[in-house]
Amino acid sequence: MTTKVLVTGAGGFIGHHLVNELKSKGYYVRGVDIVHPEYAATRADEFEILDLRRWDACLQAVRGMDQVYNLAANMGGIGFIESNKALIVHDNTLINIHMLEAARLNNIKKYLYTSSACIYPGYLQKSPDIQPLKEEQAYPADAEDGYGWEKLYTERACRHYMEDYGMATYSVRFHNIFGPLGTYDGGREKSPAAICRKIAMAADGDTIEVWGDGLQTRSYCYVDDCVEGIYRLMQSDFHDPINLGQDRMISINELVDIVSKISGKTIHRRHDLTKPQGVRGRNSDNTLLREVLNWEPKVSLEDGLKLTYEWISKQINNK
Ligand code: NAD
């Protein structure tokens, strides 16, 4: 019998790609979101518009399903999460606690929760050349205020549902996922998409604004690797939180330079030190990922950024 899966946040960036991947693998997919996907039609067998902050909506979303991939969240890049903490904590707490309980009541066999590198303590991320973050370093906790604390709390809630009720839960910590069909303007976009947009809109020799001094570091993972990793994790019997990202750490300035090269334009940077830049340095330690999945993300940053830049340029030129 065909396995039935629910993807929440299926109107969003990763959820949309995940629906496509699960459809290619032969699953019956129900997508749920408060919006339809913005840039391409969904391949889900059913797509329901539901506000998952509401208990009744969560019950409706999980009915008849075997597995849940719970991606729905009120989220965005650093500009959004630093200035909307109450809203984020309110919405995501309601979505996640209601989704867990609705899944339990409907005997969901496997439940995946999408956590974030934002759960890692600020005190470990104070310099651009930090050591990659290992899963066990999440504690003693000092998560990103608002968004990160809610993610950490929900990871624990997943653990409790597994321990107390025997529901198989999975928690995956994403490290900066990027790619085509992701938000690239409007205030919720993340750094790779924002930089691609600015460079796509710039003329050769122009100057673009970069948030902070650009020396802050991150690692970036292409969305195809992300959905592959999610899927592999759901086939495993590993239930503790696990990193999913690339472990190549680069500065924002380097990111700008790579995208400039892809665009074929000479681009200068103007640094705005008043803008939020998040932690000073962050990278993923993939030791556990390699051990558990016998796999790690493969798409190079250059290849992923090329595909992303081309897609964003096309969107802008077609406007
Ligand atoms: P996204 O914003 O594109 O997708 C999230 C989706 O959730 C959106 O389509 C949104 O409409 C939906 N949603 C919000 N509130 C809802 C509600 N009340 N009811 C139903 N749907 C609702 O974000 P994404 O990048 O695809 O992220 C997916 C998941 O991965 C999120 O949980 C996010 O926190 C997590 N994550 C993403 C990244 C990343 O780099 N993109 C990093 C760490 C964690």
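Reading the values: rules and limits
- Residues numbered from 1 in each chain as written.
- Predicted model: local features only at pLDDT ≥ 70, side-chain atom pairs only at ≥ 80, totals over all residues.
- Heavy atoms only, no water.
- Axes fitted to C-alpha atoms, helices over the stretch in contact; angles between N-to-C directions.
- Helix = DSSP H or I, 4+ residues; strand = E, 2+ residues; numbered from the N terminus.
- Parallel < 35°, antiparallel > 145°, perpendicular 65-115°, else oblique.
- Left-handed = near helix turned anticlockwise from the far one by under 90°.
- Contact = heavy atoms within 4.5 Å.
- Nonpolar A, V, L, I, M, F, W, Y, C, P; charged D, E, K, R; others polar.
- Domains from an automatic or database assignment.
- Buried area = accessible area lost by both parts, 1.4 Å probe.
- Salt bridge = Lys/Arg side-chain N within 4 Å of Asp/Glu carboxyl O.

(A) Region of interest: the packing of helix H8 (residues 252-263) against helix H10 (residues 301-317). Close contact between H8 and H10 brings their axes to 10 Å; oriented N to C, the two are set at 60°. It follows from the interaxial angle that H8 and H10 lie oblique. Crossing of H8 over H10 shows right-handed handedness. Counting all contacts with H8, which are made through Leu-255, Ile-258, Val-259, Ile-262 and Ser-263, the residues of H10 involved are Leu-301, Glu-302, Leu-305, Lys-306 and Tyr-309. Residue composition of the contact of H8 with H10, by class: seven nonpolar, one polar and two charged.

(B) Quick peek at the domain arrangement of the protein. Domain annotation for the protein reports domain 1 (4-177 + 221-244) and domain 2 (179-219 + 249-279 + 299-317). Using C-alpha coordinates to define each centre, domain 1 is positioned 25 Å away from domain 2. Between domain 1 and domain 2, the buried area comes to about 2100 Å², and carbon and sulfur atoms account for 61% of it. Of all the secondary structure elements, the ones that give two or more residues to the side of domain 1 that touches domain 2 are helix H1 (13-24), helix H3 (78-83), strand S10 (221-222) and helix H7 (223-235). Element by element, the count of residues in the side of domain 1 that touches domain 2 is highest for H3, at four residues. Tallied by class, the residues present in the side of domain 1 that touches domain 2 amount to 11 nonpolar, nine polar and three charged.

(C) Region of the structure containing the pattern of salt bridges. Within this structure, the stated rule accounts for 23 salt bridges. Between Glu-101 and Arg-104 there is a salt bridge, with its nearest N and O atoms 2.8 Å apart. Of the two residues, Glu-101 and Arg-104 both sit in helix H4 (residues 85-105), three residues apart, roughly one turn of that helix. Linked by salt bridges that have partners in common, Arg-30, Glu-46, Glu-48 and Arg-63 make up one network.

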